[in-house]
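Below, each chain spelled out in residue letters.
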Amino acid sequence: MDPNTRYTKSADGTSIAYAMIGDGEPVVAASMVWGDLHLYKNVFRLMRAMFDAWANEGMQLAIHDARNMGASDHGVERLDLDARVEDIEAVVDATGFETFSLTGVSSGVPSAIAYAVKHPDRVRRLVLVNGYARGEDWYRVVPAMRIVHGLKELADEDWDTYLMAMASAV
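Residues numbered from 1 in each chain as written. Predicted model: local features only at pLDDT ≥ 70, side-chain atom pairs only at ≥ 80, totals over all residues. Heavy atoms only, no water.

Engineer: Even after reading the chapter, I still don't get the pairing of strand E1 (residues 6-9), so can you show me in this structure?
Structural biologist: Within a regular strand, side chains alternate between the sheet's two faces. Where E1 lies against strand E2 (residues 15-21), four bridges are found, and the strand directions are antiparallel. Paired with threonine 8 across the strands is isoleucine 16, a residue of E2. Here E1 folds back onto E2 in antiparallel fashion, the turn holding five residues, of which glycine 13 has a positive phi close to 90°. (Pairing = 2+ DSSP bridges. Helix = DSSP H or I, 4+ residues; strand = E, 2+ residues; numbered from the N terminus.)

Quick look at the structure:
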């Protein structure tokens, strides 16, 4: 499947890229910090296989790129959890889903939980995959994430080189 990219605006005006995959029971994916739509379309075969399998089982998925990633706005200063929840809110509003299952994979888990706490009446099921309680611990324990964390100063100096180094590490 190759979904068309659509755009919506988050509460602070950030443009968020999203796409719909499949038909059926509504599912919203809380984007990992790398951008679920970007990963789905370009680089991460496991992400594509997982989302395609769900679509083939009768689900309609809304996936999006996190702010500063993929086709969403770059150069955005707000990267906090509240901003990521606002991005999910914008995608949900754009889909028209009243109630839905919400999933978070890895770094998408904290924002999925925060959204579900803020909007318990909209979330039918919460599906969490490979999450963590504290991002700081994850960056310390996972070898590839230690590399990414070590390169964080490079992000301010040369974003493109940082992304290439980060993608190679991951």
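So that's the structure; there's more coming.
Engineer: How do you make sense of unusual backbone geometry when you look at a structure like this?
Structural biologist: Even without a glycine there, the phi angle at serine 106 is positive, about 55°. Within the secondary structure, serine 106 sits in the loop between strand E5 (100-105) and helix H4 (109-118). Using a relative accessible area of 6% as the deciding quantity, one classes serine 106 as buried. Phi is positive for asparagine 130, close to 55°, though the residue is something other than glycine. Within the secondary structure layout, asparagine 130 lies in the loop between strand E6 (123-129) and helix H5 (135-141). (Buried < 20%, exposed > 50% of the residue type's maximum accessible area, 1.4 Å probe, protein only.)

Engineer: What should I look at first to understand the packing of aromatic side chains in this one?
Structural biologist: By the definition in use, this model includes three aromatic pairs. Measuring from ring centre to ring centre gives 5.9 Å for phenylalanine 100 and tyrosine 115, while their planes differ by 45°; the resulting arrangement is tilted. Here phenylalanine 100, found in strand E5, pairs with tyrosine 115, found in helix H4; they are 15 residues apart in sequence, far enough to count as distant. The exposure class assigned to phenylalanine 100 is buried, which follows from its relative accessible area of 0%. On the basis of relative accessibility, which here comes to 1%, the residue tyrosine 115 falls in the buried class. A connected cluster of aromatic rings, assembled from ring pairs, spans Phe97, Phe100 and Tyr115. (Phe/Tyr/Trp six-rings, centres within 6.5 Å; stacked < 30°, edge-to-face > 60°.)

Engineer: What is the right way to read the pattern of salt bridges from this model?
Structural biologist: Close approach of charged atoms lets side chains of opposite charge pair. Overall, the coordinates contain nine salt bridges when judged by the stated rule. Here arginine 67 ties to aspartate 12 by a salt bridge, and the two come within 3.0 Å at their closest N and O atoms. Taken as a pair, arginine 67 in the loop between strand E4 (59-64) and helix H3 (81-95) and aspartate 12 in the loop between E1 and E2 lie far apart in primary sequence, 55 residues in all. The partner of arginine 78 in a salt bridge is aspartate 12, and the shortest N-O contact between them spans 3.5 Å. With arginine 78 in the loop between E4 and H3 and aspartate 12 in the loop between E1 and E2, the pair connects residues that are 66 residues apart, well separated along the chain. The partly exposed category is assigned to arginine 78, whose relative accessible area is 29%. Note on aspartate 12: relative accessible area 35%, which makes it partly exposed. Through salt bridges with shared partners, one network takes in Asp12, Arg67, Arg78, Asp80, Glu86 and Asp87. (Salt bridge = Lys/Arg side-chain N within 4 Å of Asp/Glu carboxyl O.)

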